[in-house]
Amino acid sequence: MDNLSVTDWCHRFLSQQISPGDLCIDATTGNGHDTAFLASLVGANGQVIGFDIQQSALDAAGKLLRAQGLIDRVRLVLDSHEHIDQYAIPGTVSCITFNLGYLPGGGHAIATNAATTLPAIAAGLPLLKKGGLMTICIYQGGDTGFEEHDAVLRYLSTLDPKTYLVIASTYLNRPNHPPKPVLVIRLK
């Protein structure tokens, strides 16, 4: 087995979840790698909605998606992920991905934070269909600190266990506060 990154770990679960024709949301599009991965899984009849607050991120994602022939499956939205519930109908989304932190290759001054991430997660949960999956890659330490990490885990621990299953994993032998992959599965 390869040395799995936090996104590789989440992608393994996403690849089992997504079927052709599905609707998926990338709540943190960034340079478009997760968006392209989702678009490759939804097929020609599916759709991915990708959010970012930086036009430069959406431009980079659009370039990647065009190069891979996937742009027709994706709607790129310049808006905060906290507004995702304005772009999809409750109970229709197969998966929602969050890759928290800052834009890889971009400035570290602009990063996700608890003030918008918590409302985004809360807005996204009802969008998931039964059996739907939310993945969250949470970074901590360094530039992003611990506030968002702690707030997200605290919030997720309050979810109704009859409605959602929350699984948080940890890289125990990695130094320097490794990222934490989290899965949230809608049970009903």
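Cut-off values and rules
Residues numbered from 1 in each chain as written. Predicted model: local features only at pLDDT ≥ 70, side-chain atom pairs only at ≥ 80, totals over all residues. Heavy atoms only, no water. Helix = DSSP H or I, 4+ residues; strand = E, 2+ residues; numbered from the N terminus. Rg over C-alpha atoms; globule rule 2.2 N^0.38 Å. Buried < 20%, exposed > 50% of the residue type's maximum accessible area, 1.4 Å probe, protein only. Pairing = 2+ DSSP bridges. Right-handed = clockwise from strand over helix to strand, strands pointing away. Axes fitted to C-alpha atoms, helices over the stretch in contact; angles between N-to-C directions. Parallel < 35°, antiparallel > 145°, perpendicular 65-115°, else oblique. Left-handed = near helix turned anticlockwise from the far one by under 90°. Contact = heavy atoms within 4.5 Å. Phe/Tyr/Trp six-rings, centres within 6.5 Å; stacked < 30°, edge-to-face > 60°. Core = buried A, V, L, I, M, F, W, Y, C linked by side-chain atoms within 4.5 Å. Nonpolar A, V, L, I, M, F, W, Y, C, P; charged D, E, K, R; others polar.

Here the focus is the overall build of the protein. The number of helices and strands found in the protein is 5 helices and 7 strands. Along the protein, helices and strands appear, N-terminal first, in the series α-β-α-β-α-β-β-α-β-α-β-β. Computed over the C-alpha atoms, the radius of gyration of the protein is 15 Å, within 12% of the 16 Å expected from 2.2 N^0.38 for a compact globule of 188 residues. Over its C-alpha atoms, taken along the principal directions, the protein stretches across nearly 40 × 40 × 35 Å. Looking at the protein as a whole, 49% of its 188 residues qualify as buried.

Glancing now at the pairing of strand E3 (residues 74–78). In the sheet, strand E2 (residues 47–52) pairs with E3 via 5 bridges, with the strands oriented parallel. Counted as the bridge partner of Gly50 is Leu76 from E3. In the classification by handedness, the crossover that spans E2, the intervening helix H3 (residues 55–67) and the parallel E3 is right-handed.

This part is about the packing of helix H4 (residues 114–124) against helix H5 (residues 147–156). Remark: H4 packs on H5, axes separated minimally by 9 Å, with the N-to-C direction vectors making an angle of 25°. The orientation of H4 relative to H5 falls into the category roughly parallel. Once H4 is placed against H5, the crossing between them reads as right-handed. The segment H4 lies against H5, with Ala114, Thr117, Leu118, Ile121 and Ala122 engaging Glu147, Glu148, Ala151, Val152, Tyr155 and Leu156.

Geometrically, a pair of aromatic rings is defined through the distance of the ring centres and the angle of the planes. Using the criterion set out here, one finds 2 aromatic pairs in the structure. Summarising the aromatic geometry, the rings of Trp9 and Phe13 are spaced 4.8 Å apart at their centres and angled 55° between planes, so their arrangement reads as tilted. Highlighted residues: Trp9 and Phe13, both in helix H1 (residues 6–17), separated by 4 residues, approximately one helical turn. On the accessibility criterion, Phe13 (32% relative accessible area) is partly exposed. With a centroid separation of 5.0 Å and 75° between ring planes, the pair formed by Phe51 and Tyr87 is classed as edge-to-face. Placement of the pair is Phe51 in strand E2 and Tyr87 in the loop between E3 and strand E4 (93–99), with a sequence separation of 36 residues. Among the residues examined, Phe51 registers a relative accessible area of 0% and is labelled buried.

Right, let's get into the nonpolar core. Formed by 27 residues in total, the largest nonpolar core has its most connected members in Ile25, Ile96, Phe98, Met134, Ile136 and Val184. Broken down by secondary-structure element, the contributors of at least two residues to this core are strand E1 (23–26), E2, E4, H4, strand E5 (128–138), H5 and strand E7 (180–186). Take this core: its biggest share by element is 4 residues, from E5. Not counting the four nearest positions on each side in its chain, Ile25 is found in contact with Leu38, Ile49, Phe51, Ile84, Ala88, Val93, Cys95, Ile96, Thr97 and Leu127. By size, the runner-up hydrophobic cluster in this structure holds 21 residues, among which are Ala36, Leu70, Leu133 and Cys137.

A few words on the pairing of E4. Taken across its 7 residues, E4 has 6 buried, putting it largely inside the fold. Alignment of E1 against E4, held across 3 bridges, turns out to be parallel. Across the sheet, residue Cys24 finds its bridge partner in E4, namely Cys95. As paired strands, E4 and E5 are joined by 6 bridges and run parallel to one another. Directly across from Ile96, in E5, lies its bridge partner Met134.

The geometry of a pair of packed helices is captured by two quantities: the angle between their axes and the separation between those axes. At a minimum axis distance of 11 Å, the contact between H1 and helix H2 (residues 33–42) shows a crossing angle of 20°. In this view, H1 runs roughly parallel relative to H2, as classed from their interaxial angle. Our pair here, H1 against H2, has a crossing hand that is right-handed. Of the residues in H2, those in contact with Thr7, His11, Leu14 and Ser15 of H1 are Asp34, Phe37, Leu38 and Leu41. Looking at the contact of H1 with H2 residue by residue, the class counts come to 4 nonpolar, 3 polar and 1 charged.

No statement about biological role is implied by the geometric values presented.
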